[in-house]
Amino acid sequence: MFLDTPFNQNDKWREDDPERFRYELATMGCRTRVFENLHGMKTSWGRGNLSFTTLNMPRLAIEARIKAENLVDDAHQKDAIEMKAKEFFLDGIREMALLVGEQLHTRYEYQCTALARQFPFMMGNDVWKGGGNLNPNSQVGDILKQGTLGIGFIGGHNAMVAIYGEGHAKNQKAWDTLYEAVTVMNQVVEEMKAKYNLNYSVLATPAEGLSGRFTRMDRRKYGSIPGVTDADYYVNSFHVDVKAKVSIAEKIKREAPFHAITRGGHITYVELDGEAKKNIKAIVKIVKVMHDEGVGYGSINHPVDTCNSCGYKGVIYGKCPICGGDSILRMRRITGYLTGDLSTWNSAKRAEERDRVKHC
Amino acid sequence: MLYLIGTYPETILDGEGIRYSIYLAGCAHHCKGCHNPESWNPQHGTPLTKIEIDRIIKEIADNPLLDGVTFSGGDPFFNPEEFLPFLRRVKEETGHNIWCYTGYCYEEIIQQPKLRVLLYYIDMLVDGPFMEEQFSPYLDFYGSKNQRILQIDPKSGLLANP
């Protein structure tokens, strides 16, 4: 977490304030960001994310491209088709984000009717600011105003391939379009905030089950489209294709600008090929680039294997180098989980790990 | 002709920082327990053509994040006559600090003029054969305890801190 990135700062933060933690951002869950607030202090403290709903960017892009192809008769007019497809795509994003905003509001109204005693820990311990003062039989109501409502998205990369035939790692037009799409989502967030006076935000969804589910649904509907629906998963939010051969610096530069416009949460990771603890200089350098490019929340993933017999930790090729044991826990990081073993991930996430380029 | 086994554009395994690693084919040491015995064959991989060398140098120059370049293999010292002009080009055109792995010991290298001349373009030499009985997984950037990371003074082509 980069506490000093401009959008992660709170003016009230003072180095000598023993309670400065109140003005420091903390990620909730694996990347959910709760900070800006229409109803009180700008803080993560005593608040949380209420709900988020993720829009399926690849589907909107496929629909936009089909519509554009039907409109532009000459299939050779590549630029004209792309331009039209972009227009339809951005319209689709706006329309869907508005729908999601309304859905989140409806859900919020329902959430407010819950009784305080349904959350004995959260309300009883004042984990939600003000919840401790509630009568156990009264509705939680306005207490939830502190919470955030996230409009999320998945598959920015796949959507750009659907429109341009290339992802935003390599194609500048694709990058600009994706950035514009997330900007449109931010405009909708501002409109929803004004309409309902609630803490809406744009979330770079940390999709888990969804990464496989949307892809399967779209493959059924549109068939297997190369680079769009032909893998077992959609690429996460604004991340460049996990298979793209881009350098560490390039990946960070491509993704960092999206952090400032996904205030509901985000992450940029790089994958290393070896034991990070043996090469601190490399780690420091990567952290510095992330900082300088404006990353809000970054991760450096590196393999850590543990021998189940003797406890040796390191990168283990085949058998344990210490005791020769062959029961090895292979820990990798994906959507925030470190505790597991590759064998416990869902099939879409295992497919993604297999495809991820080690930046080496 | 030199043969290239492969390159790693950003690795943290072959020396300090983020490095560009170049693996060259051919090795005369044939250490027991070698990870890549196929790399002993001097024609393993693909021919290192001028086009390939240009590509490598451009890729290094285009990456602002790199801390240096590492030569490994095989043993880059296997074919010193052909390694020298390649090494010199990389050193002079990229200006990066150079780590180089070899199965020869420093003391052997300085006795042989063909090998010794390579040291003028190397900043860190990781020397000595891999000895399976001295293997330890706790060593940073080398495999067995007999091996050493030696800082070379490029001006004299000798140890920087003898």
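Predicted, not measured: the structure shown is a model, and the values here were computed from it.

1. Some thoughts on the overall build of chain B
Thought 1: Within chain B one finds 4 helices and 8 strands.
Thought 2: Listed N to C, the secondary structure of chain B is β-β-β-α-β-α-β-α-α-β-β-β in terms of helices and strands.
Thought 3: Since a compact globule built from 162 residues should have a radius of gyration of about 15 Å, the 15 Å found for chain B is in line with a globular shape.
Thought 4: For chain B, the spread of C-alpha atoms along the three principal axes comes to 40 × 35 × 30 Å.
Thought 5: Here chain B, with 162 residues, has 50% of them falling under the buried criterion.
Thought 6: Considering only residue pairs separated by 6 or more positions, chain B has 65% of its internal contacts joining residues 24 or more positions apart.
Thought 7: Surface accessibility of chain B: about 7,600 Å² in total, with carbon and sulfur atoms responsible for 54%.

2. Describing unusual backbone geometry
Thought 1: Note the cis peptide between Gly73 of chain B and Gly74 of chain B, where omega equals 20°.
Thought 2: By the secondary structure assignment, Gly74 of chain B is in the loop between strand 4 (68-73) and helix 2 (80-94).
Thought 3: Not every positive phi belongs to a glycine, and Asp126 of chain A is a case in point at roughly 60°.
Thought 4: Position of Asp126 of chain A relative to the elements: it lies in the loop between helix 3 (120-124) and strand 4 (148-154).
Thought 5: For Asp126 of chain A, a relative accessible area of 38% puts it in the partly exposed group.
Thought 6: Not every positive phi belongs to a glycine, and Ser237 of chain A is a case in point at roughly 30°.
Thought 7: Considering the arrangement of structural elements, one finds Ser237 of chain A in the loop between helix 6 (209-222) and helix 7 (248-259).

3. Structural notes on the packing of helix 2 (residues 78-112) of chain A against helix 5 (residues 172-196) of chain A
Residue and element names in this part refer to chain A.
Thought 1: Relative to each other, helix 2 and helix 5 sit at 30°, their axes nearing to 9 Å. The orientation of helix 2 with respect to helix 5, classified from their angle, is roughly parallel. The crossing of helix 2 and helix 5 is right-handed. Residues Asp79, Glu82, Lys86, Phe89, Leu90, Ile93, Arg94, Ala97, Leu98, Gly101, Glu102 and His105 of helix 2 form the contact with helix 5, whose own contacting residues are Lys173, Thr177, Glu180, Ala181, Val184, Met185, Val188, Glu191, Met192, Lys195 and Tyr196.
Thought 2: A class-by-class count of the residues in the contact of helix 2 with helix 5 yields 11 nonpolar, 3 polar and 9 charged.

4. Points about helix 7 of chain A
Residues and elements named next belong to chain A.
Thought 1: With 12 residues, helix 7 should cover 16 Å at 1.5 Å per step; its first-to-last C-alpha distance of 17 Å lies within 8% of that length.
Thought 2: Burial analysis of helix 7 places 9 of its 12 residues in the buried class, the great majority of the element.
Thought 3: Along helix 7, the residues classified as buried are Ile248, Ala249, Lys251, Ile252, Arg254, Glu255, Ala256, Phe258 and His259.

Rules of the game
Residues numbered from 1 in each chain as written. Chains lettered and ligands numbered in written order. Predicted model: local features only at pLDDT ≥ 70, side-chain atom pairs only at ≥ 80, totals over all residues. Heavy atoms only, no water. Helix = DSSP H or I, 4+ residues; strand = E, 2+ residues; numbered from the N terminus. Rg over C-alpha atoms; globule rule 2.2 N^0.38 Å. Buried < 20%, exposed > 50% of the residue type's maximum accessible area, 1.4 Å probe, protein only. Contact = heavy atoms within 4.5 Å. Areas by Shrake-Rupley, 256 points an atom, 1.4 Å probe, with all protein chains shown as cover. Axes fitted to C-alpha atoms, helices over the stretch in contact; angles between N-to-C directions. Parallel < 35°, antiparallel > 145°, perpendicular 65-115°, else oblique. Left-handed = near helix turned anticlockwise from the far one by under 90°. Nonpolar A, V, L, I, M, F, W, Y, C, P; charged D, E, K, R; others polar. Expected span 1.5 Å × (residues − 1).

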